[in-house]
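Residues per chain, in single letters:
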Amino acid sequence: MNECIVCGTTQHESVYKGLLKCQRCGHTVADLNLTDAELFKLYSRNYFFGEEYSDYVADKKVMQKNFKLRLKTLQTFLNPTFHRNLLEIGCAYGFFLEFAQHDFDHVQGIDITEEGVRYARETLHLDAIQSDLLKHDFGEQKFDVVCMWDTIEHLGQPHFYIEKISKQMNPGGLIAITTGDISSLNARIRRSNWRLIHPPTHLHYFSGKTLEKMLNNYGFDVVYNRYCGFYRSVDNIAYNIFVLRQNNPKLYHWLKRLRLTDWYFYLNLYDIMYVIARKR
């Protein structure tokens, strides 16, 4: 087993099915060693249209309602004269960048998904890069704000991403992260049935303590950590239940034809943490 990305120990124990937990700090990781090519393949067009989402673009309105909530919280920590340049890691189709572009001098996104980045560039006319952050050369470019919305759990080596972000940021810069909290009450009750446990797309499972420790390792101090709610489309929920889990696409399409999935709602299960940290 490789070293823990949070504390460096090599002592792990098996928890649930296919997950390993660090015996020192508790950070939990999927027992997988995916290559860059395998990770790239996971986030092809099928991920956004069939494997994880029924239709990612069709859910744009719901996603931007969530981004509005995230940005509203982030704005309370922004210095309008300093925090002017924003980078989103895992920008996908650019829906957050489109929403946030009027609040910054410049917004930029990076993602490994080819089709998503093309949509962001050609349809939404955004500055988006199709690349792995660890391989992309930003040169002397500095960012004042970096966002990772539901992204860090997908990364094979998230600590190296935080390290690189730190190098591309001046003191006072902010990083904003949302991800599941494996130490939450919901996760502890649901255990292996917790909805956010699904390798190979989710590889790392943080708690508030382990995420704060990793951020601290690379020069960041946590200034905000709260559970955040989110809007969910009934269409995507129905698709996940009836198509992906129960293999019953006929029922899903019947509900869709009756327009019973054409609505959304707000939910907070107190198991997704929103963390904002400031560069020392």
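Residues numbered from 1 in each chain as written. Predicted model: local features only at pLDDT ≥ 70, side-chain atom pairs only at ≥ 80, totals over all residues. Heavy atoms only, no water.

S.K.: When you look at the sheet that holds strand S2 (residues 19-22) in this model, what are you seeing that I'm missing?
M.R.: To summarise the sheet geometry, strands pair through backbone hydrogen bonds and adopt either a parallel or an antiparallel arrangement. Spatially, four strands are ordered S1-S2-S3-S9 in an open sheet, and the strand pairing comes out antiparallel. Each edge of the sheet is formed by a strand with only one pairing partner; in this case those strands are strand S1 (12-15) and strand S9 (204-205). Direction of pairing for S1 relative to S2: antiparallel, over a ladder of four bridges. Directly across from Glu13, in S2, lies its bridge partner Lys21. (Pairing = 2+ DSSP bridges. Helix = DSSP H or I, 4+ residues; strand = E, 2+ residues; numbered from the N terminus.)

S.K.: Sorry if this is basic, but what is going on with the pairing of strand S5 (residues 106-111) here?
M.R.: As a general feature of sheets, a regular strand has side chains that alternate between the two faces. In terms of residue burial, S5 counts as a mostly covered element, since five of its six residues are buried. Alignment of strand S4 (residues 85-89) against S5, held across five bridges, turns out to be parallel. Residue pairing in the sheet places Leu86 in a bridge with Val107 of S5. Each parallel crossover has a hand, and the one from S4 via helix H4 (residues 95-100) to S5 is right-handed. The pairing of S5 with strand S6 (residues 127-130) spans four bridges and is classified as parallel. Its bridge partner being in S6, Asp111 is matched across the sheet by Gln130. (Buried < 20%, exposed > 50% of the residue type's maximum accessible area, 1.4 Å probe, protein only. Right-handed = clockwise from strand over helix to strand, strands pointing away.)

S.K.: What should I look at first to understand the sheet that holds S4 in this one?
M.R.: An order of S6-S5-S4-S7-S8-S13-S10 is seen for the seven strands of this open sheet, with the pairing classed as mixed. Strand pairing shows two members of the sheet lacking a second neighbour, S6 and strand S10 (220-227), which therefore form its edges. With direction set aside, neighbouring strand axes in the sheet form an average angle of 20°. Of the strands in this sheet, strand S7 (145-149), strand S8 (174-180), S10 and strand S13 (272-279) are in contact with helix H3 (residues 60-75), which crosses S13 at around 35°. (Axes fitted to C-alpha atoms, helices over the stretch in contact; angles between N-to-C directions. Contact = heavy atoms within 4.5 Å.)

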